[in-house]
Amino acid sequence: MKAFTTHRGLVGPMDRANVDTDMIIPKQFLKSIKRSGFGPNLFDELRYQDEGQPGADCSNRPLKTEFPLNFPRYKGASVLLARKNFGCGSSREHAPWALEDYGFNAVIAPSYADIFYNNCFKNGLLPVVLTEEQVDILFKEMEAEEGYQLTIDLPSQTVTTDSGHLFRFELDEFRKECLLNGLDEIGLTLKEADVIKQYEAERAAQHPWVFGAIK
Amino acid sequence: MTGRTLYDKLWDSHLVKQNSDGSSLIYIDRHVIHEVTSPQAFEGLRLANRKPWRLDTNIATPDHNISTDKTERDAGVAGMTDEVSRIQVQTLDDNCDLYGIKEFKINEMGQGIVHVMGPELGATMPGMTVVCGDSHTATHGALACLAHGIGTSEVEHVLATQCLVAKKMKNMRVTVNGTVGVGVTPKDVVLAIIGKIGTAGGNEHAIEFAGSVFRDMSIEGRMTVCNMAIEAGARVGMVAVDQKTIDYCEGRQFVPKGEMFDQALACWKTLTTDADAQFDTEVELAAEDIAPQVTWGTSPEMVAAVTASVPTLDEQPNEEKRKGLQRALEYMGLEGGQSIDSIYVDRVFIGSCTNSRIEDMRAAAAVAKGRHVASSVKQVLIVPGSQMVKAQAEAEGLDKIFIAAGMDWREPGCSMCLAMNADKLGAGEHCASTSNRNFEGRQGNGGRTHLMSPAMAAAAAVAGHIVDVRSFVGGDR
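A few points on the structure. (Residues numbered from 1 in each chain as written. Chains lettered and ligands numbered in written order. Predicted model: local features only at pLDDT ≥ 70, side-chain atom pairs only at ≥ 80, totals over all residues. Heavy atoms only, no water.)

Below, the discussion takes up the overall build of chain A. When you go through chain A residue by residue, the secondary structure sums to eight helices and seven strands. Referenced to the eigenvectors of the C-alpha coordinate spread, the extents of chain A come out at roughly 65 × 40 × 25 Å. Across the 215 residues of chain A, 59% fall into the buried class. On chain A, the mean spot of the 24 positive side-chain charges and the mean spot of the 32 negative ones are 4 Å from each other. (Helix = DSSP H or I, 4+ residues; strand = E, 2+ residues; numbered from the N terminus. Buried < 20%, exposed > 50% of the residue type's maximum accessible area, 1.4 Å probe, protein only. Lys, Arg positive; Asp, Glu negative; His and termini not counted. Charge placed at Lys NZ, Arg CZ, Asp CG, Glu CD.)

This is the structure we're talking about:
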């Protein structure tokens, strides 16, 4: 997995609450059997005037010019500034895949839906949680200044702006470690294979009906 | 020692290892697999030169993007007209064949929507941890399972290790006491709960549904409720074991028999919350306050009683709510203050992992019987949740009732709940739908979804607009 330590980048907006994963990557693109290539279809229905089709070239599709991420000033954004309960709904990991493929390295929002939040960490995408007031400040600064950038530092768990704000954010220690080191979680768990086997043997002895029925 | 909740008990009994960094390793008993969220996981296994940890834990079936049209379905995987979907379903078949994973293939008896299939085959049983790459996995919690959706990286993790790295959630109890009125169904109860706590109300929590309403509810009804826990933000929803749970499980295909069943039974009976257990969050609703519910907006929390009106901008407490409401009204093509039953519907969808079981089919048929779809309605799709539900409904003659009413009787699958196949809404079309999400574009680009119960959806099909099903009960035919 891609590691995340420090990132400085252009901030782009997604200024609405309860953005769902259907909105982030619509259903027709879930037919792919690949992990990559979802970036051109990120926010497809908000971004383009026509209906997107899987596998189709997006470079000449008509854009919805009123959609903020289509504004020239946000081109190349790598930090997505969003509102509360971002990523609600479907568990599709295609949502972080699409954000990451588009070029985002981090999302900043007051809260996230649980499954989306978890999925981000598996893909080197950092979901930063700040308070609603802090997110409001960042929205105002971003709107006021073209080319607005900020810095996210994972080791110190801080977001810093050029205007002098320093916001600390919280996250679980194990998630931080995995992200900092780009660790292979499956590899880590397999180091515990003996512990798993021991648990499994005990469970099979006490709950035999859980094992063996499906063949 | 203080008492434990059902969730505490399920968590404790699956804890493989508690790590010093606050994370835990949790054992997974049952892994349910479908075509959409698994191909990248199997590919990941191969790239890392790994194999599935255990085979008898997995059960697979295609459901999300298969056709519900009989002619196309009869042609099998090879006959799927959408080439991208065909490759995905073929990939599931190939992966299951390669590793020896039990799969109920496209037209095999047993196939169905993953969350209909698991319980009806007895593949999910009380006390299990159940995961699937689908957010509606909480459905299985109706059988007192610890069940939740996972992403594709975790699908691969479970395949490779039989475990998940997890953090314990908080405990929430939603209690609904009293008796619901005639025409008020499990769908209405769960929509009312979502309306009360909001789509983020259950974030970071596991919800236990408790109280007389759930005790009185059938297991299929409990599945409808647990299914939509995620629409209240909670990955996990569950109901404690009682005699109904045991009666439901006994005799199903993968449920043990004889002595082993008795052994299982002794274990299952402990799967209740202790009387002195503490919850982090408690929510209460009164059954008598719940009327048939309908969503009018673009989030499941945008819901109201069928007798109510669409909210107005003036009523909103703050600017954020006003902006959200305005956007939803524009998308839905509605005016604030218009009555819910003045909303006309273009299509009706009765199906999905929320409402496609035999009781749902019966409820819809009871309304449809002797009536006919309104001439203004373009299509009414009735999509049974599984091959077994379809067979049972046909044995009861329900298909004939639907067909006589001018409705389409289809083959099992997810269908228009998420519109990955040909079943979808056109831009601007309103749909009375028994599914679980009314997000923008969910049922088709520009489509407008109104979530409701199967009986309410059938009534809307007949009336041509949203209507209080209670006005149909005992009405003339």
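Here we take up helix α12 (residues 319-332) of chain B. Residues and elements named next belong to chain B. Taking 1.5 Å of rise per residue, 14 residues should cover 20 Å, and α12 covers 20 Å from first to last C-alpha, within 8% of that figure. Of the positions making up α12, those classed as buried are L325, A328, L329, Y331 and M332. The buried residues of α12 occupy one face: seen down the axis, they fall within an arc of 165 degrees. Where the residues of α12 are buried, they touch β18 (430-433) and β19 (448-451). The N-cap residue of α12 is N318: its side-chain oxygen and the backbone nitrogen of E320 are 3.3 Å apart. After α12 finishes, the residue G333 shows a positive phi value of roughly 65 degrees. (Expected span 1.5 Å × (residues − 1). Arc of directions from axis to C-beta. Contact = heavy atoms within 4.5 Å. Polar contact = N/O pair within 3.5 Å; in protein donor to acceptor, adjacent residues only side chain to side chain.)

This part covers the sheet that holds strand β1 (residues 15-18) of chain B. Whether parallel or antiparallel, the strands of a sheet pair through hydrogen bonds between backbone atoms. Residues and elements named next belong to chain B. If you walk across this open sheet you meet the three strands as β1-β2-β8, and the pairing is antiparallel. What marks the edges here is a single partner per strand, and that holds for β1 and β8 (163-166). Across the sheet, the mean angle separating the axes of adjacent strands is 20 degrees when strand polarity is ignored. Here three bridges tie β1 to strand β2 (residues 24-27), and the two strands are oriented antiparallel to one another. (Pairing = 2+ DSSP bridges. Axes fitted to C-alpha atoms, helices over the stretch in contact; angles between N-to-C directions.)

Another aspect to go through is the pattern of salt bridges. Evaluated as defined, the whole model comprises 44 salt bridges over all chains. Notably, a salt bridge pairs R83 of chain A with D136 of chain A, separated by 2.7 Å at the nearest N-O pair. Residue R83 of chain A is located in the loop between β2 (79-82) and α3 (94-102), and its partner D136 of chain A is located in helix α5 (residues 132-144); the two are separated by 53 residues in the primary sequence. In this structure D136 of chain A comes out as partly exposed when scored by relative accessible area, which is 32%. One salt bridge connects D242 of chain B with R222 of chain B, and the closest N-O pair in it is separated by 2.7 Å. (Salt bridge = Lys/Arg side-chain N within 4 Å of Asp/Glu carboxyl O.)

Here we come to the interface of chain A and chain B. With 65 residues of chain A at the contact, the number on the chain B side is 81 residues. It is K31, W209 and I214 of chain A in chain A that bury the most area against chain B; as a group they hold 15% of the surface buried on that side. Between chain A and chain B we count 11 salt bridges in total. Across the pair E440 of chain B and R16 of chain A runs a salt bridge whose closest N-O atoms are separated by 3.0 Å. At the junction of chain A with chain B, the criterion picks out 33 residue pairs in polar contact (both at pLDDT 80 or more). For the side of chain A that touches chain B, a count of residues per class yields 24 nonpolar, 15 polar and 26 charged. (Buried area = accessible area lost by both parts, 1.4 Å probe. Nonpolar A, V, L, I, M, F, W, Y, C, P; charged D, E, K, R; others polar.)

A few words now on the pairing of β19 of chain B. All names here are of chain B. Side chains R448 and H450 of β19 all project onto a buried face; the interleaved residues T449 and L451 project onto the opposite face, where all are buried too. The pairing of β18 with β19 spans four bridges and is parallel. Within β19, the position partnered with H430 by the bridge is R448.

All names here are of chain B. The topology assignment puts P300 in the loop between β13 (293-295) and β14 (303-305). Distance from P300 to S471, taken between C-alpha atoms, is 24 Å for residues 171 residues apart in sequence. Residues within four places of P300 in sequence aside, it is in contact with I194, T199, E231, T295, N436, N438 and F439.

Take the side chain of Q157 of chain A next. All names here are of chain A. With respect to the element layout, Q157 can be found in the loop between β5 (149-153) and β6 (158-161). Exposure remark for Q157: the relative accessible area of 5% places this residue in the buried category. Polar side-chain contacts of Q157 include one of 2.8 Å to the backbone oxygen of F169. Every residue in contact with Q157, bar those within four places of it in the chain, is listed here: F167, R168, F169, E170, L171 and K176.

Residue and element names in this part refer to chain A. Side chains V79 and L81 of β2 all project onto a buried face; the interleaved residues L80 and A82 project onto the opposite face, where all are buried too. In terms of strand pairing, β2 meets strand β3 (residues 106-109) through three bridges, oriented parallel. Looking across to β3, one finds that L80 is bridged to V107. In this view, the connection linking β2 to its parallel neighbour β3 by way of α3 has right-handed handedness. (Right-handed = clockwise from strand over helix to strand, strands pointing away.)

All names here are of chain B. Ordered in space as β11-β10-β9-β12, the four strands form an open sheet in which the pairing is parallel. Strand pairing shows two members of the sheet lacking a second neighbour, β11 (236-238) and β12 (281-286), which therefore form its edges. Each strand of the sheet is rotated relative to its neighbour by a mean of 20 degrees, with strand direction disregarded. Where strand β10 (residues 205-210) and β11 come together, three bridges link them in parallel fashion. Looking at β11, one finds that I207 is bridged to G237. Packed onto the sheet, helix α7 (residues 186-197) meets β9 (170-177), β10 and β12 and runs at close to 125 degrees relative to β12.

All names here are of chain B. Residues D247, E250, E259 and D262 make up a contiguous surface patch of negative charge. Inspection of the secondary structure assignment puts D247 in helix α10 (residues 243-249). By relative accessible area, D247 is classed as partly exposed at 47%. (Patch = residues over 30% accessible without salt bridge, like charges linked within 9 Å, V, L, I, M, F, W, Y side chains within 5 Å. Areas by Shrake-Rupley, 256 points an atom, 1.4 Å probe, with all protein chains shown as cover.)

What follows deals with unusual backbone geometry. Residues and elements named next belong to chain B. With a phi angle near 65 degrees, Q162 is a residue other than glycine that sits in the positive phi range. Take Q162: it is sitting in the loop between α6 (152-161) and β8. Phi is positive for S415, which is not a glycine, with a value near 55 degrees. Looking at where S415 falls in the secondary structure, it is placed in the loop between β17 (408-409) and β18. By relative accessible area, which is 0% here, S415 ends up buried.

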